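Structure assessment
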Amino acid sequence: MKFLIVFAFLILAGYNIRAEVTKEEALAIATSCKEEVGASDADFGAIVQHQPTESAEGKCMLACVLKKFGVMSNEGKLIKDTAIEISKSLVQDEEEKEHIVAVIDTCNELDVSDDHCEAAEEYGHCWRTELGDKGIAPEDLV
(Lines give C-alpha, C1' and ligand atoms only; values in the text may rest on other atoms or scores of the structure.)
Protein backbone atom coordinates (compact mmCIF):
# COMPACT_ATOMS: atom_id res chain seq x y z
CA MET A 1 0.00 0.00 0.00
CA LYS A 2 2.75 2.45 0.92
CA PHE A 3 4.35 1.68 -2.46
CA LEU A 4 1.28 3.16 -4.15
CA ILE A 5 1.31 6.17 -1.86
CA VAL A 6 4.98 6.81 -2.72
CA PHE A 7 4.05 6.67 -6.38
CA ALA A 8 1.11 8.99 -5.77
CA PHE A 9 3.47 11.54 -4.27
CA LEU A 10 5.57 11.25 -7.41
CA ILE A 11 2.70 11.89 -9.79
CA LEU A 12 1.31 14.77 -7.80
CA ALA A 13 4.66 16.49 -7.78
CA GLY A 14 5.06 15.87 -11.48
CA TYR A 15 1.85 17.73 -12.11
CA ASN A 16 2.59 20.42 -9.52
CA ILE A 17 -0.36 19.35 -7.39
CA ARG A 18 -0.24 19.24 -3.62
CA ALA A 19 2.36 16.77 -2.35
CA GLU A 20 -0.09 15.02 -0.07
CA VAL A 21 -2.18 12.06 -1.02
CA THR A 22 -4.50 9.90 0.94
CA LYS A 23 -4.48 6.15 0.87
CA GLU A 24 -7.85 6.35 -0.85
CA GLU A 25 -6.51 8.61 -3.60
CA ALA A 26 -3.56 6.30 -4.23
CA LEU A 27 -5.88 3.31 -4.40
CA ALA A 28 -8.19 5.16 -6.79
CA ILE A 29 -5.30 5.78 -9.19
CA ALA A 30 -4.16 2.16 -8.96
CA THR A 31 -7.71 0.88 -9.36
CA SER A 32 -8.20 3.09 -12.40
CA CYS A 33 -5.07 1.61 -13.97
CA LYS A 34 -6.15 -1.92 -13.03
CA GLU A 35 -9.45 -1.42 -14.83
CA GLU A 36 -7.84 0.40 -17.76
CA VAL A 37 -5.51 -2.50 -18.60
CA GLY A 38 -7.63 -5.40 -17.35
CA ALA A 39 -5.25 -6.46 -14.60
CA SER A 40 -6.32 -9.09 -12.09
CA ASP A 41 -6.72 -8.81 -8.36
CA ALA A 42 -3.54 -10.90 -8.06
CA ASP A 43 -1.65 -8.35 -10.18
CA PHE A 44 -3.00 -5.53 -8.04
CA GLY A 45 -1.98 -7.38 -4.86
CA ALA A 46 1.53 -8.05 -6.15
CA ILE A 47 2.10 -4.39 -6.94
CA VAL A 48 0.71 -3.26 -3.58
CA GLN A 49 3.01 -5.76 -1.83
CA HIS A 50 6.08 -4.55 -3.77
CA GLN A 51 6.36 -7.81 -5.66
CA PRO A 52 6.94 -8.38 -9.36
CA THR A 53 3.97 -9.35 -11.46
CA GLU A 54 4.31 -11.94 -14.18
CA SER A 55 1.28 -11.17 -16.33
CA ALA A 56 1.33 -8.72 -19.20
CA GLU A 57 -1.67 -6.94 -17.68
CA GLY A 58 0.10 -6.57 -14.33
CA LYS A 59 3.16 -5.09 -15.99
CA CYS A 60 0.95 -2.71 -17.96
CA MET A 61 -0.85 -1.75 -14.77
CA LEU A 62 2.50 -0.78 -13.26
CA ALA A 63 3.37 1.25 -16.38
CA CYS A 64 0.02 3.03 -16.14
CA VAL A 65 0.58 3.80 -12.46
CA LEU A 66 4.11 5.09 -13.09
CA LYS A 67 2.89 7.31 -15.92
CA LYS A 68 -0.03 8.68 -13.91
CA PHE A 69 2.36 9.33 -11.04
CA GLY A 70 4.66 11.28 -13.37
CA VAL A 71 7.79 9.15 -13.03
CA MET A 72 7.56 7.42 -16.42
CA SER A 73 7.35 9.40 -19.63
CA ASN A 74 5.04 8.63 -22.52
CA GLU A 75 8.14 7.19 -24.18
CA GLY A 76 8.47 4.64 -21.38
CA LYS A 77 11.54 6.19 -19.75
CA LEU A 78 12.16 7.15 -16.14
CA ILE A 79 11.73 10.85 -15.37
CA LYS A 80 14.76 11.08 -13.14
CA ASP A 81 14.43 14.63 -11.78
CA THR A 82 10.83 14.10 -10.68
CA ALA A 83 11.65 10.74 -9.12
CA ILE A 84 14.58 12.23 -7.18
CA GLU A 85 12.72 15.33 -6.04
CA ILE A 86 9.75 13.46 -4.66
CA SER A 87 11.68 10.51 -3.26
CA LYS A 88 13.95 12.85 -1.34
CA SER A 89 10.95 14.67 0.08
CA LEU A 90 9.69 11.41 1.59
CA VAL A 91 12.82 10.72 3.61
CA GLN A 92 14.21 12.66 6.56
CA ASP A 93 17.56 10.93 6.94
CA GLU A 94 20.26 12.56 4.80
CA GLU A 95 22.13 9.29 4.27
CA GLU A 96 18.94 7.61 3.03
CA LYS A 97 18.37 10.54 0.67
CA GLU A 98 21.83 9.96 -0.80
CA HIS A 99 21.08 6.26 -1.17
CA ILE A 100 17.79 6.98 -2.92
CA VAL A 101 19.47 9.34 -5.38
CA ALA A 102 22.04 6.63 -6.11
CA VAL A 103 19.26 4.08 -6.64
CA ILE A 104 17.44 6.38 -9.06
CA ASP A 105 20.69 7.16 -10.88
CA THR A 106 21.37 3.44 -11.27
CA CYS A 107 17.86 2.64 -12.45
CA ASN A 108 17.87 5.59 -14.84
CA GLU A 109 20.91 4.09 -16.58
CA LEU A 110 19.05 0.89 -17.46
CA ASP A 111 18.61 0.10 -21.12
CA VAL A 112 14.97 -0.85 -20.71
CA SER A 113 12.64 -2.46 -23.18
CA ASP A 114 10.83 -0.34 -25.74
CA ASP A 115 7.67 -2.03 -24.48
CA HIS A 116 6.45 0.33 -21.73
CA CYS A 117 4.94 -2.51 -19.72
CA GLU A 118 8.19 -4.48 -19.70
CA ALA A 119 10.13 -1.27 -18.99
CA ALA A 120 7.95 -0.57 -15.94
CA GLU A 121 8.68 -4.03 -14.55
CA GLU A 122 12.41 -3.57 -15.25
CA TYR A 123 12.39 -0.25 -13.37
CA GLY A 124 10.41 -1.84 -10.55
CA HIS A 125 12.89 -4.70 -10.29
CA CYS A 126 15.80 -2.27 -10.25
CA TRP A 127 14.13 -0.10 -7.59
CA ARG A 128 13.40 -3.08 -5.32
CA THR A 129 16.85 -4.62 -5.80
CA GLU A 130 18.87 -1.43 -5.40
CA LEU A 131 16.92 -0.27 -2.35
CA GLY A 132 17.33 -3.72 -0.79
CA ASP A 133 21.07 -3.62 -1.44
CA LYS A 134 21.18 -0.36 0.49
CA GLY A 135 19.11 -1.75 3.35
CA ILE A 136 16.00 0.29 2.54
CA ALA A 137 12.58 -1.33 2.22
CA PRO A 138 10.29 0.43 -0.31
CA GLU A 139 7.43 0.30 2.17
CA ASP A 140 9.51 2.30 4.66
CA LEU A 141 9.68 5.37 2.44
CA VAL A 142 6.38 6.83 3.57
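What you see is a predicted model, and the numbers here were worked out from it, not measured in a lab.

Let's talk about the overall build of the protein chain
Each helix and strand in the protein chain was counted, giving seven helices and zero strands. Mapped in sequence order, the helices and strands of the protein chain form the string α-α-α-α-α-α-α. Per-residue burial for the protein chain yields a buried fraction of 46% across its 142 residues. Across the protein chain, every contact between residues at least 6 apart in sequence was considered, and the portion connecting residues at least 24 apart equals 59%. Total accessible area on the protein chain stands at roughly 7100 Å², and carbon and sulfur atoms take up 48% of it.

Some thoughts on the state of the cysteines
In protein structure, a disulfide is the covalent linkage between the sulfur atoms of two cysteines. Following the criterion strictly, the structure yields three disulfides and no others. Two residues, Cys 33 and Cys 64, share a disulfide whose sulfurs are 2.1 Å apart. Measuring handedness by torsion sign, the sulfur bridge of Cys 33 and Cys 64 sits at about -75° and is left-handed. Taken together, the residues span a long stretch of sequence, with Cys 33 in helix 2 (residues 23-37) and Cys 64 in helix 4 (residues 56-68) at a distance of 31 residues. Taken individually, Cys 33 and Cys 64 each receive the classification buried, so the pair is uniform in this respect.

Considering the confidence of the model for the protein chain
Taken over all residues, the pLDDT of the protein chain has a mean of 83, while the share at 70 or more is 82%. Overall, residues 8-21 carries pLDDT values under 50, and its contacts beyond four positions in sequence, including any with other chains, amount to 33 contacts.

Some points on unusual backbone geometry
Phi angles above zero are rare outside glycine, and His 50 is one such case at about 65°. As for its placement among the helices and strands, His 50 is situated in the loop between helix 3 (41-48) and helix 4. Under the relative-accessibility criterion, His 50 is labelled buried at 11%.

About the criteria used
- Residues numbered from 1 in each chain as written.
- Predicted model: local features only at pLDDT ≥ 70, side-chain atom pairs only at ≥ 80, totals over all residues.
- Heavy atoms only, no water.
- Helix = DSSP H or I, 4+ residues; strand = E, 2+ residues; numbered from the N terminus.
- Buried < 20%, exposed > 50% of the residue type's maximum accessible area, 1.4 Å probe, protein only.
- Contact = heavy atoms within 4.5 Å.
- Areas by Shrake-Rupley, 256 points an atom, 1.4 Å probe, with all protein chains shown as cover.
- Disulfide = S-S within 2.5 Å.
- pLDDT = per-residue confidence, 0-100.

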